[in-house]
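Residue-level structural notes
Chain by chain, the residues run as shown.
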Amino acid sequence: PIKDILTEIKVPVLIIWGKNDQLIPSYYAKQFHDAIENTEMHIIERCGHVPPMEKPDEFNQILSQFLEKYNFKIEIKSKSFFHRIKNAFQKKKIG
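Residues numbered from 1 in each chain as written. Predicted model: local features only at pLDDT ≥ 70, side-chain atom pairs only at ≥ 80, totals over all residues. Heavy atoms only, no water.

1. Comments concerning the overall build of the protein chain
The condition is simple: By the criteria applied, helices consist of DSSP H or I runs no shorter than four residues and strands consist of E runs no shorter than two, each listed in order from the N terminus. To sort residues, take the accessible area from a 1.4 Å probe on protein chains only and compare it with the maximum for the residue type: under 20% means buried, over 50% means exposed, and anything in between is partly exposed. Throughout, a residue-residue contact means that at least one pair of heavy atoms, one from each residue, lies within 4.5 Å. Only the protein chains shown count as covering a residue, and every accessible area follows the Shrake-Rupley method with a 1.4 Å probe.
Of regular secondary structure, the protein chain possesses five helices and two strands. Each helix and strand of the protein chain, placed in order from N terminus to C terminus, yields the pattern α-β-α-β-α-α-α. Considering the protein chain as a whole, with its 95 residues, one finds that 26% of them fall into the buried category. Nonlocal contacts in the protein chain, meaning residues at least 24 apart in sequence, comprise 62% of its contacts between residues at least 6 apart. As displayed, the protein chain offers around 7,100 Å² of accessible surface, 57% of which is attributable to carbon and sulfur atoms.

2. Topic: unusual backbone geometry
In the Ramachandran plot, Asn 38 falls in the positive-phi region, its phi being about 60 degrees despite a non-glycine side chain. Within the element layout of this structure, Asn 38 appears in the loop between α2 (27-35) and β2 (39-44). For Asn 38, a relative accessible area of 46% puts it in the partly exposed group. The backbone of Arg 46 shows a phi angle near 50 degrees, a positive value even though the residue is not glycine. Mapped onto the fold, Arg 46 is located in the loop between β2 and α3 (51-54).

3. Things to note about the pattern of salt bridges
We count it as follows: Just to be clear on terms, a salt bridge is a Lys or Arg side-chain nitrogen sitting within 4 Å of an Asp or Glu carboxyl oxygen.
Overall, the coordinates contain four salt bridges when judged by the stated rule. We note a salt bridge from Lys 10 to Glu 37, for which the minimum N-O separation is 3.6 Å. Placement of the pair is Lys 10 in the loop between α1 (2-6) and β1 (13-18) and Glu 37 in the loop between α2 and β2, with a sequence separation of 27 residues. Summarising the burial analysis for this pair, Lys 10 and Glu 37 share the class exposed. Across the salt bridge formed by Glu 40 and Lys 69, the nearest N and O atoms sit 2.5 Å from each other. Remark: Lys 69 occurs in helix α4 (residues 56-69) and Glu 40 occurs in strand β2; sequence separation between them is 29 residues. Residue Glu 40 is classed as buried on the basis of its relative accessible area of 18%.

4. Digging into the pairing of β1
Keep this limit in mind: Strands are treated as partners if at least two bridges between them are detected by DSSP. By the criterion used throughout, a crossover qualifies as right-handed when its path from the first strand across the helix to the second strand runs clockwise, the strands pointing away from the viewer.
Among the six residues in β1, five count as buried, and that is most of the element. In this structure, β1 lies alongside β2, joined through six bridges in parallel fashion. Residue pairing for β2: Ile 15 is matched across the bridge by Met 41. After leaving β1, the chain enters α2 and then returns to the sheet as β2, a path that is right-handed.

5. Some remarks on the environment of Tyr 70
On the secondary structure map, Tyr 70 appears in the loop between α4 and α5 (81-94). Note on Tyr 70: relative accessible area 35%, which makes it partly exposed. Separated by 58 residues in sequence, Tyr 70 and Pro 12 place their C-alpha atoms 8.8 Å apart.

Nothing here speaks to function; it is all geometry.
See below:
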């Protein structure tokens, strides 16, 4: 079972999940969080299955803070790729 595999993970893990994910419900985020040691879990409100696309600013902030804890320094110079794609699709729907 996957739970047995998850317990073998020994590195820091970041779990970012959309609260309204209908493909894989957020219930599973808690299951993963409980099974894996040294996890940080974030459930994003009003978000479905693809947090980087649906909530890019919040996703990037969470990811940046997590990476900085482990001395991975990153700088987000512009909106994420997913954010730009989302905006392009929204403009196409309207126009």
